[in-house]
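# Inside the fold
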Amino acid sequence: MSEKLLIIDEGTTSTRAMLFAPDGTCLGSESADLTQHYPSPGLVEHDAAEIWDRTFACARKMVELAGGAEAVAAIGITNQRETVVFWDKQTGEPLAPAIVWQDRRTASWCRELKEAGHEPTVQARTGLLLDPYFSGSKIGWAMANWPQLKAAGDRLAVGTIDSWLVWKLTATEGRGGLHITDATNASRTALMAIGSGHWDDGLIELFDAPRHALPEIVDCAGNYGTTSLFGAPIPICGMAGDQQAATIGQACLTPGDTKATFGTGAFVLTQYGAHQPTSKNRLLATVAWQLAGRRAYALEGSVFVAGSLIQWLRDSLKLIAAADETEALARSVADNAGVYLVPALSGLGAPWWEAEARGCMSGLSFTATRAHIVRAALEAMAHQANDLKTAFAADGADWTTLRIDGGMVANVWIAQDLADMLEVEVERPVFAETTALGAAMLAGVGIGLFKDLKAASAMRGKLDAFHSTLAADARQTRLDGWASAVKSVIAAAH
Ligand code: ADP
C-alpha cells in the first residue's frame, strides 16, 4: 500500500500542496499566490473559483511527483478559517465573492448585537465573541445583501474553505459533491454549539443564516469520501482549520502545550483537553480537534496583524524591498529609539477586541530611522504575544514553553525577541510547515497509518530553542512603552 500523504494547505495569501512520507519527510511542495480583493476600506474578498483552480493545479503537481494517484494513500486538507464561500450545488460555481476572515463589513452589526446584550449567550454557546471576524455575521450579511443567494433556494451551498474544497474534489459530472465541514472549522463560524458539535438553531436565527445550505459537521480524521480527479481514486481522510492543524503539527497534545503561529496574523492556541474552557479574559474557546465524535478544546488568542504588517512596510510604505531584510535592519540598531508601532490596521483582536481601532506609530523623534521603524514593527510581534500571555495566565493557562511557527519565524531576531519578552523557552521546529504537517498527521490517522495523534506526532522533527537574555530594565521599558501606545490606540477608537 502506498503511504504518501497529499496535503492541501489553503492559506490567506497563497495556497499550496505538499507531499509527505509517513516519517514526516516533506517530499515536495507547490504553491500559488491568491489575489486579494479590497473593494473598499475594511472589506477583503477572495475569488473561490481562483482558490479552487490554483489549489487543484498545485495538488495535481504533487500527484505527478508522487508518481500518480495510486501512490497517494490519502489527502489531508487545512485552510484559512472563517472565510465563507457561497456556491450553486447544481453548477458547482461560486454565487458571490468569498468574504475573508479579515473582512470588517459586519462591525456595526456586531456592535449592535453586542449592545443588545447577545454577547454572553454567543460566548457561552460558541466560545467566541461578537466580532466580524467569525463567519456567522458574514453569512447573514451576504444573505441580506446579495439577492442571488436567496434566489438560489435549495441550490445554495454555504461553507468555509474546507467545505468548498471537499465539494470540488468529490463532485463528478452531473452529481454534486460531499457537503461537509470538520468540527474545528465549524467552531469558528459562531453557528456551532461547541459543547455538542452541532449547528445551533438559536445562533442560526441570530445571524439569519440559511440552515438548509450549511454542511454536515464531521470529525477531523476519517474516510469522508474519495476524489477521482487525479486519475485513480484517492480518499480524503483529514481536515482541520489552519491553526488547529498547526497545534496538532506542533504536537500540542497535552493540556498546557502552547503554539504560536506568525503568518499573516498571529494565533496562539493552548491545548485544554476534554473540558470546554470559558475565558474570562476575552480569549476564545475553540475545538482543537474532534476524533470519534469526541472533542478536545483549546484556548485561543487571535491577533489580526502580524506578517501583514511587514507586507505593508514593503508594499505600501516601501521601507523595505523584501520581508527578510527586516532581520538585518532590526539588528543594525541597539534599540527602538522610543518608537512603538501598534499594528491595529484592521482593528485589534485578542485580548482587546477593538474592531474600530486603527494603527499608530508613536515616539518619533529625529533620532528615528527606517531601521528603528522596522525594529518597532518586529517588536510588535512579541508585544502582542505578551498581551496574550497575560490574558492566558489570568485564564489559568500559563505558558512555560512556546512552540512557534509560520512564515515570520524564519526571522531569528523575532524568535529571540519572543524569548526575551515572554521569558519562556521558545521552540522552533527546523521544518516550519507545521500546519501542513498537522493535516498530514490527521490524514495518516484517518487512513490508519497511525493509531492515534500521539503515534502520528513522531512526524514532528528536530527543534531549535531560544532562551531569554534581555536585561530586566530594558524589558520593562519596552513593556511600558507598548502599554501606553496601545492605550492611546484604544482611547482614539472610542
Ligand atoms: P499565511 O500562511 O498566513 O499566508 P505565512 O505563514 O506564509 O502566512 O507567512 C507569511 C508572512 O510572513 C508574510 O506576511 C511575510 O510578510 C512574513 N514574513 C516572511 N518572511 C519574513 C521575515 N524573514 N521576517 C519577517 N516577516 C516575514
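The structure this text deals with has already been given above.
In what follows, the accompanying structure is described.

Adjacent strands of a sheet pair through backbone hydrogen bonds, lying either parallel or antiparallel. One open sheet accounts for seven strands, arranged β17-β18-β16-β15-β21-β22-β23; its pairing is mixed. Of all the strands in the sheet, just β17 (284–291) and β23 (463–466) have a single pairing partner and so form its edges. Taking the axes of each pair of neighbouring strands and ignoring which way they run, one obtains an average angle of 30° across the sheet. The pairing of strand β15 (residues 258–262) with strand β21 (residues 401–405) spans three bridges and is classified as parallel. When the sheet's bridge partners are listed, Thr261 is paired in β21 with Asp405.

What follows is about the nonpolar core. Formed by 132 residues in total, the largest nonpolar core has its most connected members in Leu5, Phe20, Phe86, Leu191, Phe262, Ile404 and Leu418. Counting residues per element, this core draws most heavily on helix α12 (residues 370–394), which supplies 13 residues. Judged by nonpolar contacts, the second largest core, of 38 residues, contains Leu19, Ala59, Val72 and Ala157.

Here the focus is the side chain of Thr126. Examined against the element boundaries, Thr126 turns out to sit in helix α3 (residues 119–126). Under the relative-accessibility criterion, Thr126 is labelled buried at 0%. Only 2.6 Å separates the side chain of Thr126 from the backbone oxygen of Val122, close enough to count as a polar contact. A polar contact is formed between the side chain of Thr126 and the backbone nitrogen of Leu128, at a distance of 2.9 Å. Every residue in contact with Thr126, bar those within four places of it in the chain, is listed here: Ser187, Ala190, Met192, Ile194, Leu203 and Ala285.

With that out of the way, let us pick up the packing of helix α9 (residues 242–249) against helix α14 (residues 434–447). Look at α9 against α14: their axes get within 7 Å of each other, and the N-to-C directions meet at 80°. In this view, α9 runs roughly perpendicular relative to α14, as classed from their interaxial angle. Where α9 approaches α14, its residues Asp242, Ala245, Ala246, Ile248 and Gly249 are matched on the opposing element by Thr434, Thr435, Leu437, Gly438, Ala439, Met441 and Leu442. Taken together, the residues that form the contact of α9 with α14 break down as seven nonpolar, four polar and one charged.

Time to look at helix α16 (residues 472–492). For α16, spanning 21 residues, the distance from its first C-alpha to its last is 31 Å, which sits close to the expected 30 Å at 1.5 Å a residue. Elements in contact with the buried residues of α16: β19 (340–342), β20 (360–362), α12 and α13 (412–422).

Let us now look at the state of the cysteines. Tallied over the entire structure, the rule returns zero disulfides. In this structure Cys220 is a free cysteine whose sulfur lies 13 Å from that of Cys237, the closest cysteine sulfur available. Overall, Cys220 belongs to the buried group, its relative accessible area being 0%.

Further remarks concern the environment of Asp405. Secondary-structure assignment places Asp405 in strand β21. With relative accessibility at 0%, the residue Asp405 sits in the buried group. Along the chain, Asp405 and Val84 lie 321 residues apart, while their C-alpha atoms are 25 Å from each other. In contact with Asp405, other than residues within four places in its own chain, are Ala246, Gln250, Lys259, Ala260, Thr261, Phe262, Ala432 and Thr434. Engagement of the side chain of Asp405 in a polar contact is seen with the side chain of Thr261, the distance being 2.4 Å. At 2.9 Å, the side chain of Asp405 and the side chain of Thr434 are in polar contact.

Attention now goes to the packing of aromatic side chains. Counted under the stated rule, the structure contains 16 aromatic pairs. Consider the rings of Trp52 and Phe56, whose centres lie 5.2 Å apart with planes at 15°: the pair is stacked. Of this pair, Trp52 and Phe56 both sit in helix α1 (residues 48–66), four residues apart, roughly one helical turn. Among the residues examined, Phe56 registers a relative accessible area of 16% and is labelled buried. Seen from their ring centres, Trp87 and Trp167 are 5.8 Å apart, and the 65° between their planes marks the pair as edge-to-face. Of this pair, Trp87 sits in strand β6 (residues 84–88) while Trp167 sits in helix α6 (residues 161–170), and the two are 80 residues apart along the sequence. A relative accessible area of 5% means that Trp167 is categorised as buried. Linked through ring pairs, Trp101, Tyr133, Phe134, Phe267, Phe304 and Trp353 together constitute an aromatic cluster. The cationic tip of Arg81 hangs over the ring face of Phe267; the distance from NZ or CZ to the ring centre is 5.4 Å. Between the NZ or CZ atom of Arg105 and the centre of the ring of Trp141, over which it lies, the distance is 4.5 Å.

On to the site of the ligand, then. Lining the immediate surroundings of the ligand are 15 residues, of which Thr13, Thr264, Gly307, Gln311 and Gly407 lie closest. Thr13 has a polar side-chain atom sitting 2.8 Å from an oxygen atom of the ligand. One of the side-chain N or O atoms of Gln311 is found 2.8 Å from an oxygen atom in the ligand. Coverage of the ligand by the protein amounts to 78% of the 590 Å² it exposes when considered alone. Sort the elements by how many residues they give to the shell around the ligand and helix α10 (residues 307–315) lands first, with four residues. Split by residue class, the shell around the ligand holds three nonpolar, ten polar and two charged.

Of all ten residues in strand β18 (residues 294–303), nine are buried; the element is thus mostly enclosed. In the sheet, strand β16 (residues 266–273) pairs with β18 via seven bridges, with the strands oriented antiparallel. Counterpart to Gln271 in the pairing with β18 is Ala298. Inspection of the sheet shows β17 paired to β18 by seven bridges, in the antiparallel sense. Pairing of Gln290 across the sheet is with Arg295, part of β18. Between β17 and β18, which pair antiparallel one after the other, the connecting turn spans two residues, and Ala292 there sits at a positive phi close to 50°.

Turning next to the pattern of salt bridges. A complete count under the given rule lists 27 salt bridges for this structure. Residue Asp88 is joined to Arg155 by a salt bridge in which the shortest nitrogen-to-oxygen separation is 2.7 Å. Pair noted here: Asp88 is in strand β6 and Arg155 is in the loop between α5 (147–151) and β8 (156–160), with a separation of 67 residues, a long-range link. For Asp88, a relative accessible area of 7% corresponds to the buried category. Looking at Arg155, the relative accessible area reads 33%, which means it is partly exposed. Asp417 is the partner of Arg478 in a salt bridge, and the nearest nitrogen-oxygen pair spans 2.9 Å. Within this pair, whereas Arg478 is found in helix α16, its partner Asp417 is found in helix α13, the two being separated by 61 residues in sequence. Accessibility assignment for this pair places Arg478 and Asp417 in one class, buried.

Conventions used here
- Residues numbered from 1 in each chain as written.
- Predicted model: local features only at pLDDT ≥ 70, side-chain atom pairs only at ≥ 80, totals over all residues.
- Heavy atoms only, no water.
- Pairing = 2+ DSSP bridges.
- Helix = DSSP H or I, 4+ residues; strand = E, 2+ residues; numbered from the N terminus.
- Axes fitted to C-alpha atoms, helices over the stretch in contact; angles between N-to-C directions.
- Core = buried A, V, L, I, M, F, W, Y, C linked by side-chain atoms within 4.5 Å.
- Buried < 20%, exposed > 50% of the residue type's maximum accessible area, 1.4 Å probe, protein only.
- Polar contact = N/O pair within 3.5 Å; in protein donor to acceptor, adjacent residues only side chain to side chain.
- Contact = heavy atoms within 4.5 Å.
- Parallel < 35°, antiparallel > 145°, perpendicular 65-115°, else oblique.
- Nonpolar A, V, L, I, M, F, W, Y, C, P; charged D, E, K, R; others polar.
- Expected span 1.5 Å × (residues − 1).
- Disulfide = S-S within 2.5 Å.
- Phe/Tyr/Trp six-rings, centres within 6.5 Å; stacked < 30°, edge-to-face > 60°.
- Lys NZ or Arg CZ within 6 Å of the ring centre and 35° of its normal.
- Near = heavy atom within 4 Å.
- Areas by Shrake-Rupley, 256 points an atom, 1.4 Å probe, with all protein chains shown as cover.
- Salt bridge = Lys/Arg side-chain N within 4 Å of Asp/Glu carboxyl O.

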